[in-house]
Amino acid sequence: MKFLLFMYFASIAGLSIFLFQDKDLKESIQRGGEIYQDFCITCHQGAGEGVASTFPPLAGSDYLLTYREESIRGIKYGQQGELMVNGITYNNTMPPMGLEDEEIADVMNFILNSWGNASDEMVTPTEVELISED
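Residues numbered from 1 in each chain as written. Predicted model: local features only at pLDDT ≥ 70, side-chain atom pairs only at ≥ 80, totals over all residues. Heavy atoms only, no water.

(A) Examining the layout of surface pockets more closely. By volume, the largest pocket amounts to about 460 Å³. Elements that contribute at least two residues to the lining of the largest pocket include exactly α2 (41-44), α3 (62-66), α4 (68-77), β1 (79-85) and β2 (88-94). Along the lines of polarity and charge, the residues of the lining of the largest pocket split into 17 nonpolar, eight polar and one charged. (1 Å grid on protein atoms, 1.4 Å probe; cavity = no way out; pocket = protein on both sides within 12 Å on 5 of 7 lines; lining within 4 Å. Points joined across faces, edges and corners; volume = space filled by probe spheres on them. Helix = DSSP H or I, 4+ residues; strand = E, 2+ residues; numbered from the N terminus. Nonpolar A, V, L, I, M, F, W, Y, C, P; charged D, E, K, R; others polar.)

Written out as structure tokens, the structure is:
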């Protein structure tokens, strides 16, 4: 009987964490979409397709999931030099956007869950805060 009660409460706790995280992620994605419209859309375009040979696509991007920390660092501190996205090399400069850690987390959650991208793991402001310029 104790085992059944333990399993019941453990299931309820696990389910509530999942549901609250899902709500938090949805809210973060919504805020991130607004930030994307203000800061990112000019270069990466409305559907995340980027600009051929100039600005890499975010839609269906292999780089975002493979290089999560570098992607966050690029938004936080800017990025320059070569990077390969979906087998194509890009060599351009992205200036730092001047966003707060929470805004960076929100826009990353939007990008990681839009245009065919899917991420199981939510980017948090704490994760962004821990990333240094190098």
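(B) Geometry of unusual backbone geometry. Unlike most non-glycine residues, Asn 86 shows phi in positive territory, near 55°. With respect to the secondary-structure elements, Asn 86 resides in the loop between β1 and β2. A positive phi angle, near 55°, is found at Trp 115, a position not held by glycine. Mapped onto the fold, Trp 115 is located in the loop between α5 (101-112) and α6 (125-129).

(C) Spotlight on the confidence of the model for the protein chain. Of all residues in the protein chain, 84% have pLDDT values of 70 or greater, and the mean over the chain is 89. In this model residues 13-20 is a low-confidence stretch, pLDDT under 50, and it forms zero contacts with partners more than four residues away in sequence or in other chains. (pLDDT = per-residue confidence, 0-100. Contact = heavy atoms within 4.5 Å.)

(D) Focus on the nonpolar core. Tyr 36, Ile 72, Ile 104, Val 107, Met 108, Ile 111 and Val 123 are the most contacted members of the largest nonpolar core, which has 18 residues in total. Broken down by secondary-structure element, the contributors of at least two residues to this core are α1 (2-39), α4 and α5. The leading source of residues in this core is α5, at seven residues. Non-local contacts of Val 123, meaning those with residues more than four positions away in its chain, are made with Arg 68, Ile 72, Ala 105, Met 108, Asn 109, Leu 112 and Val 128. (Core = buried A, V, L, I, M, F, W, Y, C linked by side-chain atoms within 4.5 Å. Buried < 20%, exposed > 50% of the residue type's maximum accessible area, 1.4 Å probe, protein only.)

(E) A look at the side chain of Ser 61. Residue placement: Ser 61 occurs in the loop between α2 and α3. Filtering out sequence-adjacent residues up to four positions away, Ser 61 remains in contact with Val 85, Asn 86 and Asn 117.

(F) Region of interest: the pattern of salt bridges. In this structure the tally under the stated criterion is seven salt bridges. Its salt-bridge partner being Glu 102, residue Arg 31 comes within 3.8 Å of it at the nearest N-O pair. Of this pair, Arg 31 sits in helix α1 while Glu 102 sits in helix α5, placing them 71 residues apart in sequence. Between Arg 73 and Glu 69 there is a salt bridge, with the nearest N and O atoms lying 2.7 Å from each other. With Arg 73 and Glu 69 both in helix α4 and four residues apart, this pair spans about one turn of that helix. Since its relative accessible area comes to 14%, Arg 73 is described here as buried. Each member of the salt-bridge network shares a partner with another, and the members are Arg 31, Glu 102 and Asp 106. (Salt bridge = Lys/Arg side-chain N within 4 Å of Asp/Glu carboxyl O.)

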